[in-house]
Amino acid sequence: MNSIYSVISERAFPWVVKNAPLVAGGVAAAGILAGIAYSFFHKPTPAAPQPIEEESNLGKRCDLAVVGVGPIGIVLACLIKALCPHLQVEAFDKRTTATREHALRIRSDSIGEIVKLLQDALKDETFVTSATIRNKLEDLMRFFQRLAMRRAIPTLEIEKNLESYATEDLGIKIHRGKNHGVWNTAAARTAYADQVRKEEPIGSDGYLFDEFLDEVKPTLVLGTDGAHSEIRQALNATKIDQANLGRLLELKYTAPHDIRSRKLLDKSYQAIISEGWDFETFSKPKPGALPSDRIRVTLHKFIDENVHQALLIPQQDPQQPGDEIIRGSSKYPWSFKDLKNEKNPHCQMISNHLQMYFSNHHLDPKNPDHISKDRITTIPIAVYQSSSSAEAYKNKAFVLLGGDSSSGMGFESGFNKGLREAAACARAVKQYFEHVPPRAKHDFSKLPPEFQKYQEEVVAIYKNEKRWAQAKQFALNVSNFCLKCITRPFKWIFNS
Ligand SMILES: Cc1cc2nc3c(=O)[nH]c(=O)nc-3n(C[C@H](O)[C@H](O)[C@H](O)COP(=O)(O)OP(=O)(O)OC[C@H]3O[C@@H](n4cnc5c(N)ncnc54)[C@H](O)[C@@H]3O)c2cc1C
């Protein structure tokens, strides 16, 4: 065999066979040169990633899902994203746009909690490792410092400003509209079961909470969906404390917006306080509204128990003779005309007060072009707290509640209480994700210590706010009593 190959090669390549040592040296030199050129020009492809244990949450769409983009939801989303830039944050709201118009009185102590949290983060050199992180923290801090300088701010202004900052600067994804609502009521469950039965597309009316968790796969859910929170219902967190705090007189009416313009919301809000009313809110005119188009206005005043009781008058139901209704309740409100005709001195006092308010604003209550759909009611203000504000939910995610969904404080303190919770919540989330990376295997069977601490803080914040609100109500009652003691003798002298 060997001799056949040597004969063939000698005949085919006689020169190569003769100069075999020279040829071998040339081939070796060419190989070395090619190797050098290859290593110089070739960029090595990175080694394929090794599957690591951390990827157990693969398929997860986001780390944090905020349900409810009201003032507290958006504050929380921005705070957490600024403090934990590595987290994927998405927010969901059933409304297509922010709509809440009422002005919020902001206490400097609650804003102070947020500013302190941001200042502490700015001081932490291990965290502020780039100018981007620093700038974002500083921007947010300046926003809150500016809020602290104002007495009252329309809810919409907070929501709109923070929402554009959240999407444009922080990269938070915000999903709005009916199909982004998250539900958990029995009705929602039945509707969902119907959709499944009829094989209709699921999700067009929003998500059921469990379905939401399966689809969005968040590690953490923040339920900030307001006083009627669906997320609170999902946690089975029933109310554990409810107390009535004071009474509120409410006048709702519609007026042409050139007369009661909302342009000067802050100013008129303060003017109202000096006129003896506690606050006034306006609806937003539709885009392109004419000056004569109508807006809804609501006027509020805190009143004492006597006035509240005097305004609630049992009457015969005009629709159902023989049945009794309570005039002045939210179901059967007074009109200004009827209240004026009522002889009761408290009704007279309130209608005189309203008359003064109307004339100050150049409104004629008898002219339907000025005032229409007027409804006057008196309502008790409730305070409540839910039994749980933090839970490890069915081995699927951690769920924390904040703002009105964890407890409602009546008008005056709701937002302030929510801000304190937001600071505590953002701190807890930062601490948790500092030692458990977002893509790690999370133990959803029990609540981590950071979130347990948050639950305790929520209870303490609630109790503190409740004491504060009760003290305020007590002070109001005492001042009313003193005023009566001073004015009674004069009334008696002048009347006799
Ligand atoms: C007239 C008035 C005056 C007030 N004045 C003051 C004041 O001066 N000072 C003060 O501290 N507080 C005040 N409050 C209270 C304050 O408005 C609330 O405490 C505050 O708005 C609570 O914010 P939040 O984000 O928790 O809830 P909300 O403002 O109720 O926002 C909840 C958000 O969740 C969304 N949502 C609801 N359900 C779902 C769902 N199923 N799926 C998805 N999204 C959902 C809603 O669309 C909304 O955007 C006042 C309230 C009123 C009504």
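Quick caveat, the model's predicted, so the values are computed rather than measured. (Residues numbered from 1 in each chain as written. Predicted model: local features only at pLDDT ≥ 70, side-chain atom pairs only at ≥ 80, totals over all residues.)

Across its full length, the chain carries 16 helices and 17 strands. In the chain, 77% of the contacts between residues at least 6 apart in sequence involve partners at least 24 apart. (Helix = DSSP H or I, 4+ residues; strand = E, 2+ residues; numbered from the N terminus. Contact = placed C-beta atoms within 7 Å.)

This paragraph deals with the site of the ligand. What surrounds the ligand is a group of 34 residues, the closest being Gly68, Gly70, Gly226, Gly403 and Gly414. Here the shell around the ligand takes 7 residues from helix H15 (residues 410-435), the largest share from any one element. Class assignment for the residues of the shell around the ligand results in 11 nonpolar, 14 polar and 9 charged. (Near = placed C-beta within 6 Å. Nonpolar A, V, L, I, M, F, W, Y, C, P; charged D, E, K, R; others polar.)

Chain-level pLDDT for the chain is 82 on average; 81% of the residues reach the 70-or-more range. Segment residues 38-58: pLDDT under 50, and 8 contacts once partners within four positions in sequence are set aside and those in other chains are kept. Scored below 50 in pLDDT, residues 262-270 shows 14 contacts in the model against residues more than four places distant or in partner chains. (pLDDT = per-residue confidence, 0-100.)

Moving on to the sheet that holds strand S15 (residues 390-393). Read from one edge of the open sheet, 6 strands run S5-S2-S1-S8-S16-S15, paired in mixed fashion. Because the sheet does not close on itself, it has two edges, and the strands there are strand S5 (173-176) and S15. Strand after strand, the sheet turns through a mean of 20° between neighbouring axes, direction not considered. Pairing between S15 and strand S16 (residues 397-401): 4 bridges, direction antiparallel. From the neighbouring strand, Tyr393 faces S16, where its bridge partner is Ala397. In this fold helix H4 (residues 71-83) packs onto strand S1 (64-67), strand S2 (89-93) and strand S8 (220-223), with an angle of close to 175° to the strand it touches most, S2. (Pairing = 2+ DSSP bridges. Axes fitted to C-alpha atoms, helices over the stretch in contact; angles between N-to-C directions.)

It is the contact of H4 with helix H7 (residues 155-170), at a shortest axis distance of 9 Å, that shows an interaxial angle of 30°. When the axis of H4 is compared with that of H7, the two are roughly parallel. Once H4 is placed against H7, the crossing between them reads as left-handed. Along the contact surface, H4 presents Pro71, Ile74, Val75, Ala77, Cys78, Lys81 and Ala82, while H7 presents Thr155, Ile158, Glu159, Leu162, Glu163, Tyr165, Ala166 and Leu170. Looking at the contact of H4 with H7 residue by residue, the classes come out as 11 nonpolar, 1 polar and 3 charged. (Parallel < 35°, antiparallel > 145°, perpendicular 65-115°, else oblique. Left-handed = near helix turned anticlockwise from the far one by under 90°.)

Here strand S9 (residues 239-256) pairs with strand S14 (residues 372-386) via 12 bridges, running antiparallel. Directly across from Asp241, in S14, lies its bridge partner Gln385. Across 2 bridges, the pairing between S14 and strand S17 (residues 407-408) is antiparallel. The residue of S17 that forms the bridge with Gln385 is Ser407.

Here we come to the sheet that holds strand S11 (residues 294-303). Strand order in this open sheet of 5 strands is S10-S11-S9-S14-S17, and the pairing throughout is antiparallel. Edge positions in the sheet fall to strand S10 (279-282) and S17, since each has one partner strand and no second.

At their nearest, the axes of helix H5 (residues 108-123) and helix H6 (residues 131-148) sit 10 Å apart, and the two run at 165° to each other. On the basis of the axis angle, H5 is roughly antiparallel to H6. Judged by the twist between their axes, the crossing of H5 over H6 is left-handed. Along the contact surface, H5 presents Ser108, Ile111, Ile114, Val115, Leu118, Gln119, Ala121 and Leu122, while H6 presents Arg134, Leu137, Leu140, Met141, Phe144, Gln145, Leu147 and Ala148. Its residues assigned to classes, the contact of H5 with H6 shows 12 nonpolar, 3 polar and 1 charged.

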